[in-house]
Amino acid sequence: MSSATTAYYVPHSARWPIVGSIGLFIWFYGFASWLNDAPFGREMFFLGAAVMVFMMFGWFGQVAKESESGAYNTQVDSSFRLAMMWFIFSEVMFFAAFFGALFYARTFSGPWIGGVGGGGADMTNALLYEGFDYVWPTNGPGGVGGNFEQMGWFGLPLINTLLLLTSGVTCTFAHHAIRAGHRKPFILWLLATVTLGFIFVFLQAEEYMHAYSAMNLTMNSGIYGSTFYLLTGFHGFHVTMGAIILLVVMIRAIRNHFSAENHFAFEAAAWYWHFVDVVWLGLFIFVYLV
Amino acid sequence: MTSNVSRWALLSLVLLMMPLGAWADWGALNMPKGVTEISNEVHTLHMRIFYVCVAIGVAVFGVMIVSMFLHRKSRGHKPADFHESTTVEIVWTVVPLVILIAMAIPAARVLIKMEDFTDSELSIKVTGYQWRWRYDYLDSGVSFYSQLKSEHNLARQQGADVDLATAFPGESFNGEEDVYLREVDNELVVPVGKKIRFLHTSADVIHSWWVQDLAIKKDAIPGFINENWARIEEPGVYRGKCAELCGRDHGFMPVVVRAVPQDEYDAWIADQQLAMASKGDESERQWNHEELVSAGEQVYQANCMSCHQAEGQGIPGMFPAIAGSDVATGSIDKHLSTVMNGVEGTMMSRFSEVLTDADIAAVITYQRNAFGNGTGDTLQPSQVQSLRTGMTADNGLTLPSKVASMPELNSNTGVN
Amino acid sequence: MSTSDVTHHTPGEQHDHHDDHAHHGPAPGLMRWVTTTNHKDIGTLYLWFSLLMFFIGGAMALVIRAELFQPGIQIVDPMFFNSMTTLHAIVMIFGVVMPAFVGLANWMIPMMIGAPDMALPRLNNWSFWIMPFAFVIMLSTLFMDSGGPAGGWTLYPPLVLQMGDSFAFVIFAIHFMGISSVMGSINIVATIFNMRAPGMTFMKMPMFVWTWLITAYLLIATIPVFAGAVTMLLTDRYFGTSFFSAAGGGDPVMFQHIFWFFGHPEVYILILPAFGIVSSIIPTFARKPLFGYDSMVYATASIAFLSFIVWAHHMFTTGMPLAGELFFMFSTMMISVPTGVKVFNWVATMWRGSMTFETPMLFAIGFVIMFTIGGLSGLMLAITPADIQYHDTYFVVAHFHYVLVPGAIYSLMAATYYWLPKWTGNMYDEKLGKMHFWISTIFVNVLFFPMHFVGLAGMPRRIPDYSLQFADWNMIATIGAFGFGFSQLMFVYIIVKCVKGGEKATDEVWEGARGLEWTVASPAPYHTFETAPEINPGTVTR
Ligand code: HEA
Ligand code: HEA
Ligand code: CUA
Ligand SMILES: [Cu+2]
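Quantities reported herein were computed from a predicted structural model and do not represent experimental measurements.

K.L.:
What exactly am I supposed to notice about the overall build of chain B here?
P.N.:
Helices and strands together make up the secondary structure of chain B, namely 13 helices and 10 strands. Burial statistics for chain B: of 416 residues in total, 51% are counted as buried. Contacts spanning at least 24 positions in sequence make up 67% of the contacts within chain B whose residues lie at least 6 apart. With an accessible surface of roughly 18,100 Å², chain B has 58% of that area assigned to carbon and sulfur atoms.

K.L.:
Could you clarify how one ought to interpret the environment of B:I99 in this entry?
P.N.:
Residue and element names in this part refer to chain B. Relative to the assigned elements, I99 resides in helix 3 (residues 86–114). Judged by its relative accessible area of 31%, I99 is partly exposed. C-alpha separation for the pair I99 and N186, spaced 87 residues apart in sequence, amounts to 47 Å.

K.L.:
Hey, could you run me through the coordination of the iron atom of ligand 2 in this one?
P.N.:
Six octahedral donors at a metal ideally form angles of 90 or 180 degrees, and four tetrahedral donors ideally form angles of 109.5 degrees. All names here are of chain C. Bound to the iron atom of ligand 2 are the protein donor atoms H88 (NE2) and H401 (NE2), situated 2.0 Å from the metal. Metal-centred angles of 88 to 179° between the 6 donor atoms at the iron atom of ligand 2 mark the site as octahedral. Here H88, found in helix 4 (residues 78–113), pairs with H401, found in helix 15 (residues 394–424); they are 313 residues apart in sequence, far enough to count as distant. Note on accessibility: H88 and H401 belong to one class, buried.

K.L.:
How should the sheet that holds strand 10 (residues 254–260) of chain B be read in this particular structure?
P.N.:
Two orientations exist for strands paired in a sheet by backbone hydrogen bonds: parallel and antiparallel. Residue and element names in this part refer to chain B. Taking strand neighbours across the sheet as the criterion, the 5 strands line up as 4-10-9-6-7 in an open arrangement whose pairing is mixed. Each edge of the open sheet is held by one strand with a lone partner, namely strand 4 (188–191) and strand 7 (216–220). Neighbour-to-neighbour, the strand axes of this sheet turn through a mean angle of 25°, independent of strand direction.

K.L.:
What exactly am I supposed to notice about the sheet that holds strand 8 (residues 226–231) of chain B here?
P.N.:
All names here are of chain B. Judged by pairing direction, the sheet is mixed, and its 5 strands sit side by side in the order 3-2-1-5-8 without closing on themselves. Of all the strands in the sheet, the pair left with one neighbour each is strand 3 (143–146) and strand 8. On average, adjacent strands in this sheet sit at an angle of 25° to one another, irrespective of strand direction.

K.L.:
Explanation requested: the interface of chain C and chain B in the structure shown.
P.N.:
Interfaces are often sized by the amount of accessible area the parts lose when they come together. Each side of the interface is counted separately: chain C has 113 residues, and chain B has 113 residues. Where chain C abuts chain B, roughly 9,800 Å² becomes buried across the two surfaces, and 69% of that area is made up of carbon and sulfur atoms. Viewed at the interface, chain B and chain C are joined by 2 salt bridges. A salt bridge links B:R248 to C:D77, with the shortest nitrogen-to-oxygen separation between them at 2.7 Å. Where chain C meets chain B, there are 25 residue pairs in polar contact (both at pLDDT 80 or more). Counting residues per element, the side of chain C that touches chain B draws most heavily on helix 16 (residues 430–457) of chain C, at 10 residues. A class-by-class count of the residues in the side of chain C that touches chain B yields 64 nonpolar, 31 polar and 18 charged.

K.L.:
What is the right way to look at the site of ligand 2 in this model?
P.N.:
Residue and element names in this part refer to chain C. Every one of the 33 residues lining ligand 2 counts as a neighbour, but R65, H88, W153, H401 and R462 are closest to it. Note that an oxygen atom of ligand 2 is positioned 2.8 Å from one of the side-chain N or O atoms of R65. Here R461 contributes a side-chain N or O atom positioned 3.0 Å from an oxygen atom of ligand 2. Elements that contribute at least two residues to the shell around ligand 2 include exactly helix 3 (39–67), helix 4, helix 15, helix 16 and helix 17 (471–500). Its residues placed into classes, the shell around ligand 2 shows 23 nonpolar, 7 polar and 3 charged.

K.L.:
In this structure, what is going on with the coordination of the iron atom of ligand 1? I would like to understand it.
P.N.:
All names here are of chain C. A lone protein donor binds the iron atom of ligand 1: H399 (NE2), at 2.2 Å. The metal-metal distance between the iron atom of ligand 1 and the copper ion (ligand 4) comes to 4.6 Å. Among the structural elements, H399 can be located in helix 15.

K.L.:
Would you mind going over the packing of helix 15 of chain C against helix 17 of chain C with me for this structure?
P.N.:
In helix packing, the relevant descriptors are the interaxial angle and the interaxial distance, both defined with respect to the helix axes. Residues and elements named next belong to chain C. With their axes 10 Å apart at the nearest point, helix 15 and helix 17 run at an angle of 15° to one another. For the element pair helix 15 / helix 17, the angle class is roughly parallel. The chirality of how helix 15 crosses helix 17 is left-handed. Of helix 17, the residues touching helix 15 (which contributes V405, Y410, M413, T416, Y417, L420 and T424) are F484, Q488, F491, I494, I495, C498 and V499. Its residues placed into classes, the contact of helix 15 with helix 17 shows 11 nonpolar, 3 polar and no charged.

K.L.:
How should I be thinking about the packing of aromatic side chains in this particular structure?
P.N.:
The relation between two aromatic rings is expressed through the spacing of the ring centres and the mutual angle of the planes. Applying the stated criterion across every chain, the model contains 114 aromatic pairs over all chains. With 4.9 Å between their ring centres and 75° between their planes, C:F437 and C:W438 make a pair best called edge-to-face. Assessed through its relative accessible area of 4%, C:F437 is described here as buried. Judged by its relative accessible area of 12%, C:W438 is buried. It is B:K195 that lies over the ring of B:W229; its NZ or CZ is 4.1 Å from the centre. Across from the ring centre of C:Y238, 5.1 Å away, lies the NZ or CZ of C:R237, which sits over that ring.

K.L.:
Help me understand the site of ligand 1, please; the structure alone is not making it clear to me.
P.N.:
Looking at ligand 1, there are 33 residues lining it, with C:Y268, C:D387, C:H391, C:H399 and C:R461 nearest. Residue neighbours of ligand 1 fall on chains B and C, so the site bridges chains. A distance of 2.6 Å is found between an oxygen atom of ligand 1 and a side-chain nitrogen or oxygen belonging to C:D387. One nitrogen or oxygen atom from the side chain of C:R461 is found 2.8 Å from an oxygen atom belonging to ligand 1.

Rules of the game
- Counting of residues starts from 1 at the beginning of each chain's written sequence and follows it residue by residue.
- The naming scheme follows written order: chains are lettered A onward, ligands numbered 1 onward.
- Per-residue local features of the predicted model are confined to residues with pLDDT of at least 70, and side-chain atom pairs are confined, for both listing and counting, to 80 or more; whole-chain, interface and lining totals are unaffected and use all residues.
- The side-chain figures draw on all heavy atoms in the structure; neither hydrogens nor water molecules are used.
- Each helix is a run of DSSP H or I of at least 4 residues and each strand a run of E of at least 2, with the numbering of both proceeding from the N terminus.
- Each residue is assigned to one of three classes by its accessible area relative to the maximum for its type, calculated with a 1.4 Å probe on protein chains only: buried under 20%, partly exposed between the two thresholds, exposed over 50%.
- A contact between two residues is defined here by any heavy atoms of the two lying within 4.5 Å.
- Computed with a 1.4 Å probe, the accessible areas rest on the Shrake-Rupley method; for each residue, only the protein chains presented here act as cover.
- Note that water is not among the atoms used; donors are N, O and S atoms within 2.8 Å of the metal (3.2 Å for Na, K and Ca), so sites may look incomplete.
- Under this scheme a four-donor centre is tetrahedral when all angles range from 85 to 135 degrees, a four-donor centre is square planar and a six-donor centre octahedral when opposite donors are above 155 degrees with the rest from 65 to 115, and any other centre is irregular.
- Strands are treated as partners if at least two bridges between them are detected by DSSP.
- Throughout, an axis means a line fitted to C-alpha atoms (over the contacting stretch in the case of helices), and angles, computed between N-to-C directions, take values from 0 to 180 degrees.
- Buried area is a sum: the accessible area each of two parts loses on coming together, probed at 1.4 Å, counted once for each and added.
- Only one rule defines a salt bridge in this text: a Lys or Arg side-chain nitrogen within 4 Å of an Asp or Glu carboxyl oxygen.
- Counted as a polar contact is a pair of N or O atoms within 3.5 Å, where, for protein atoms, one must be capable of donating a hydrogen and the other of accepting one, and residues adjacent in sequence contribute only when both atoms are in side chains.
- The nonpolar class holds Ala, Val, Leu, Ile, Met, Phe, Trp, Tyr, Cys and Pro. Asp, Glu, Lys and Arg form the charged class, and all remaining residues, Gly among them, are polar.
- Residues are classed as near a molecule or strand on a simple rule: at least one heavy atom within 4 Å of it.
- Any angle from 65 to 115 degrees is called roughly perpendicular, while one under 35 is roughly parallel, one over 145 is roughly antiparallel, and all others are oblique.
- Rotating anticlockwise by less than a right angle from the far helix to the near helix defines a left-handed crossing, while the corresponding clockwise rotation defines a right-handed one.
- Centres within 6.5 Å make a pair out of two Phe, Tyr or Trp rings, where for Trp the six-membered ring is used; the pair is then stacked when the planes are under 30 degrees apart, edge-to-face when over 60, and tilted otherwise.
- Cation placement over rings: the criterion is NZ of Lys or CZ of Arg within 6 Å of the ring centroid and within 35° of the ring normal.

What follows is the structure, encoded as structure tokens:
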């Protein structure tokens, strides 16, 4: 890299982590209190979130500054790469839990409730849910949440798929541009990516509103509603985060922080973006299509 | 230093041996053989793997101890330099694998046998409740609840100050005699020699119906039915427990199975059918105040005391007092609906299906007059009954059987 | 940048050489610990934290044992008893064993592989400083009206959903612990991959480093799954979802599958670093290299791999289909093979060595023997038809305490005695250390061995009161518990005494010591290996 030093950079001391811990504490203590309708819960929640945002800006700002000043050698750079890679892997496993729930409900417990399968499944249906037939999507024999419509794959979800796939392509174009040292196309491709990301989030919000108001499809719509909203919801949250990160990267690009060789912040954001993309493909197939 | 080590080692060995003196009866330290073919096979399997494990332990620890004795620096042993041998690595991968396969085959055989639910001759649905069991004989329509017997329930209260050994005399380590916490008000009666199918489910949280002598343990999952079976060979009383943590009184939901010859069983069923028919009459007839209070005391001790305590004083911060309670001295409607419907989101559960109309009337009358509440009120079973029919009709409150099978576990405020 | 060889310098000398770098000594005062990025400081913080939590979790265990001293309910309400069991387990697992291993990783891994520090020092600080907050939240639930969590550490719904308002706090505290562990593991992976001194090939790394690398993968792969599972609990409770409710088409058992997909690898997270520690100590005191290093590495990897496909052995009574039961029985049994390889390798390392029995070695040997006892009872549990009888009895409690207490905890004590001279520069009191070992070993067996008997005889776990036929052995176990518990005060005394002073330790400390950490001064200077040490094919690194 553009560094004069060969030593591995070890910061003297770090003040941001403790700010982060306190922020997290306020944030989630507040959230828990809010969930229980305790006083100040909501206020604490927002205060904690603000502290966290402040911390992120401080922490990442410091890292960016150090990076600019050439404190990081190639070895530091690969530490960052490794960390980002395995962080994304941990996120994959987080989604795996929810996909696991979806598969389990669809292939095991759903049919058992419907009387298909051995070891008491027939009796489950006969004794507890006589007359209940299992078909996906379901809100269970209790009809939890009342009748609802299934979210089709055509329309918004399909458009969203195309948007995200396109954004993956524009992101790659941005990468090629920076690698070739073309700053302006880089910023423009980034802008395209970020815009597509935000449009995705906007359309997803539309979809939710439609589902709630016109289809009676809510979080309370049994296991279908549960898996639908948690999977797409956490994904949507990740898209939002990814788009914000890319936006920050874009601003830094405008301020000329990156070079053809040194642009890991962008690469990390791009990896994240592709991960979000791939998760969406999984969602599109398993939540919407089949 | 060496002598120091061996002195400590010797001392510890001696101390370790000391508890062995307490081994009055080997059998009681081990898994019982049980009274079904399956339980016997499980026992054999258990002993076999136990001996294999002991043998492995003796071999491994033996080599270690020999080595620790011979190859110590204080004896002047010089270290060898070997640190690799593919041959031995292969040997001690393959040998354990072979041992494992030898264990897995009989285990799989027993397991397959256990899971064969075909050709049952009798079906009993077993439903777990916090903290009692409900048994429904699907073939004869007999059904009842079964819970810890009230003497035991009294004795196990915090600060009950009962000398358990005198109150429940029995031989330690002689399974059958020791009955503290192992007796219920209504036993599950079954015939010997029949393949009985148990269908397990639960009305609230997960429980697990376990009778060791039958080698049966199966979770009772709310909203699902699990199958299980047993063919009991000898008449007798077999005791078990709930084996899955199910809340505060998980330790106090025993199971008692009484296996009897077929003719005795038939007679018992007939009795039960008769008794069930007459239960209706109990609700219909007029009771007098004293009758209700004394019946109510029984119901209270069996069902309510574990939380609201013997003197109705409750446990501050956890369970409200009944003595002087606004509910138990105020509107009788509120009182009745508290008991019948429970309080959503708390441990005060819904008693409308667990207790009969007579029980409910009795316990409410009792609570309103005992513990210095002295309201003088009397609630008749017939009033409860009319309310119940009314309840079902006008606001769709669930019928007993429906509640048992389909708990509403999904409210926003949590279960119950 | 200095080119001097830092390996053999004391901290004082370093200061002279590097006065251009203000960060070479620790900053003074409390803020040193709050803002530190030094791997040794952070390791120390983790270790003290887990020692403190050990006494908190242990005090809870003593409440449990005191209540079980006699049949009848004497001391605590059953509800409080249940929250003691639950919190005891959570504190011991997430507050003691895991942080202690992370602390050791922090202290030792950079020194073992010749790195100047952990790969991501700032993140390292955060990983630690989340933990105290997590446990403040977790333990504060005990003081809330609705009490602490009382549904068992396994958090099975629907029971756990009956908990009062403190539920959300418990869930978020678990999230915090998860964030901390995942960040800590990422840091360890990055350190091991990226920070090894030139010449330190993977097959030259000490076993402790290997076991931690594999453990870190287990953590990164399973903790997020656990986070997902508890998130579903949270939404079932507060947002109306039906993951674990049959009425809405979900299934309470689904939680158990997701939980144990995390939970089983978790128990190997609690033991693999212990294997690493023991694999460092036995060669030292046998004065002979570790037998079968390569096969140890492969065995560790196989254990980790297998741990992902055995989870449902905790669920044999939930009514799985037969094929599932058979699969999980066979796969679980398979784990004994690689674990056996490890045990046999340790024995072979001892064989024809030249052994001495200082305290670390005593704890390591105690570990091998008693872990094996626990492992063999684990094998018995794997046999499904028998497990249906053992499940949820004290036989299971005996099994897991044997692998956890004289297993994981003993490895931690062994590690403490082994590396304490390197950390403090002083020798601990050997005589007291040996006494600590023997007293602990007697009592730990008096404590846990009888649990096998009462379990087989039919005593269920998680009960505050029991039938009279279990009385004698419970009384004995309780005596063992108090004996074991109070003898740990000795451990604290020995550590404090050693930190304060004592016979000065040499750099090598142990005659048979092998590895880079013994080439630096004792106490280890604040910064080690700022210039990578030279590692030739002949250098002994493990
Ligand atoms: C450090 C933690 C740890 C470790 C290492 C293990 C190791 C093992 N465990 Fe354990 N286990 C727990 C912690 C651990 N366990 C906990 C906490 C629970 C309870 C959770 C709860 O419900 O709260 C539990 C519960 C548990 C159960 C569920 C019991 C039940 O609830 O019904 C089962 C069932 O199969 C099991 C099996 C095993 C097996 C087969 C191993 C194997 O890895 C052991 C392998 C080792 C050996 C076998 C010994 C050495 C080998 C040799 C000397 C070679 C020769 C051997 C042969 C030829 C066989 N464990
Ligand atoms: C690493 C994990 C670990 C460790 C180290 C321990 C250590 C101990 N455990 Fe634990 N235990 C578990 C993990 C662990 N346990 C788990 C996972 C469960 C299952 C929970 C569940 O069912 O959900 C369990 C459950 C469990 C039970 C069963 C409860 C039940 O089912 O009802 C019991 C009962 O005896 C018990 C006892 C003990 C004891 C006596 C110790 C001793 O080793 C503790 C040693 C004691 C001390 C170290 C005390 C020191 C304190 C003092 C000297 C007093 C001074 C005090 C202060 C200064 C504050 N444990
Ligand atoms: Cu019911 Cu435990
Ligand atoms: Cu396991």
